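These are the residues of each chain, in order.
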Amino acid sequence: MSETSDTPSAREPRAGATPPNDSAEHRAGFVTFVGRPNVGKSTLMNALVGEKVAITSSKPQTTRRAIRGIVHRASGQLIVVDTPGVHRPRTLLGERLNALVQDTLGDVDVIGFCVPAGEPIGPGDKYINEQLDAHGARVRKVAIVTKTDRVGPERVAEQLIAVSALRDWDLVIPLSALTGDQVDVLADELIRLMPVSPPLYEAESTTDESDEDRVAELIREAALEGVSDELPHSLAVTIDEMVEREGDGLLQIFANVWVERDSQKGIIIGHRGSRLGDVGRRARGEIEQLLGRRVFLKLHVKVAKEWQRDPKQLGRLGF
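First things first, this report covers the structure right here in the doc. Just so it is clear, the structure is predicted and the values come from calculations on it, not from any experiment. (Residues numbered from 1 in each chain as written. Predicted model: local features only at pLDDT ≥ 70, side-chain atom pairs only at ≥ 80, totals over all residues. Heavy atoms only, no water.)

## Side note on the overall build of the protein chain
Here's step 1: Counting secondary structure elements, the protein chain contains 10 helices and nine strands.
Here's step 2: By the burial criterion, 49% of the 319 residues in the protein chain qualify as buried.
Here's step 3: Long-range contacts, defined as pairs at least 24 residues apart, comprise 72% of the intrachain contacts of the protein chain with a sequence gap of at least 6.
Here's step 4: Of the roughly 14,900 Å² that the protein chain leaves accessible, carbon and sulfur atoms contribute 48%. (Helix = DSSP H or I, 4+ residues; strand = E, 2+ residues; numbered from the N terminus. Buried < 20%, exposed > 50% of the residue type's maximum accessible area, 1.4 Å probe, protein only. Contact = heavy atoms within 4.5 Å. Areas by Shrake-Rupley, 256 points an atom, 1.4 Å probe, with all protein chains shown as cover.)

## A few points about the sheet that holds strand S3 (residues 76–82)
Here's step 1: Read from one edge to the other, the open sheet built from six strands follows the order S2-S3-S1-S4-S5-S6, with strand pairing classed as mixed. Both edges of this open sheet fall to strand S2 (67–73) and strand S6 (171–174), since each of them pairs with a single strand only. Recorded for the sheet is a direction-independent mean angle of 25 degrees between the axes of neighbouring strands.
Here's step 2: For strand S1 (residues 27–34) and S3, the ladder comprises seven bridges, and the chain directions are parallel. Bridge pairing in S3 links Phe 33 to Asp 82. (Pairing = 2+ DSSP bridges. Axes fitted to C-alpha atoms, helices over the stretch in contact; angles between N-to-C directions.)

## Digging into the pairing of S6
Here's step 1: Examined bridge by bridge, strand S5 (residues 140–146) and S6 share four bridges and lie parallel to one another. Bridged to Ile 144 within S6 is Ile 173.

## Observations concerning the packing of aromatic side chains
Here's step 1: Within the structure shown, the criterion is met by two aromatic pairs.
Here's step 2: Positioned above the aromatic ring of Trp 169 is the side chain of Arg 167, whose terminal nitrogen or guanidinium carbon lies 5.6 Å from the ring centre. (Phe/Tyr/Trp six-rings, centres within 6.5 Å; stacked < 30°, edge-to-face > 60°. Lys NZ or Arg CZ within 6 Å of the ring centre and 35° of its normal.)

## What to know about unusual backbone geometry
Here's step 1: Residue Lys 147 is not a glycine yet carries a positive backbone phi of 60 degrees.
Here's step 2: Relative to the helices and strands, Lys 147 is located in the loop between S5 and helix H4 (153–164).
Here's step 3: A relative accessible area of 17% means that Lys 147 is categorised as buried.
Here's step 4: Positioned with a positive phi, Glu 306 is a non-glycine residue whose angle comes to about 50 degrees.
Here's step 5: Within the secondary structure, Glu 306 is located in the loop between strand S9 (295–303) and helix H10 (311–316).

Worth remembering: the numbers are spatial, not functional.
Below you can see the structure in the form of structure tokens.
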């Protein structure tokens, strides 16, 4: 998530990927989903990959990195780059997240513009659609009407008409990532739009995220549950250590939950540590499922005042 010059681009495959082959039919490439915050981009990526690669939450700006998930089909391979929602930035962190989205858009083969079926096309959607013009004809553009399970077919039809009026899309498709309706259709259609290419990742790969990064995100997801509207923006998680305990093989994880003010620290900890205990239990369950082993998780809550606006603290927290 750091924005230094050695940050890999969206198009850079993981080291150790399958070498080129002579198949003229196999297609592979990169797709990213854009849209306002909380339109279902991360849920859609997880549905396509078939496992939880990106955390999800009802809170806006849950995604803070360009996370890659790999989708495998007989006809091709999709590398889905999940990005933060485009929004009007109010902090340095917000500016960096928007810049990350713009950098990603220039590196992919297909951009999927996501709009929920039950929400009218608004100024934010129109702004994002206009930004797609900067990426020319090389990048194919598709419109995806998400969350169709929440509305009736008439509303879905109305939204498809509204989205189609924005531009001449390469594809317009309604779907529900939650129920899986049309998700496989989207995968097949996206692969059809990709260039002819050998696989870019090994067949068993589902993401190039490290275990440490995924663990930190699962802790942040658990901490986001039930907090107020402003606090989610102030939450960050770092991992101090992941080490196997001698004797019983238990994986010990020591992590920090960062907030910006002392009052927020009290909210996260809760009365006599009750809320932090709940966060730890929820996170530990998800981590054990991810890693396939028993885990001891120790959380510390720390304050980094106004870290979203401080370049040095943003760097320390990995932004």
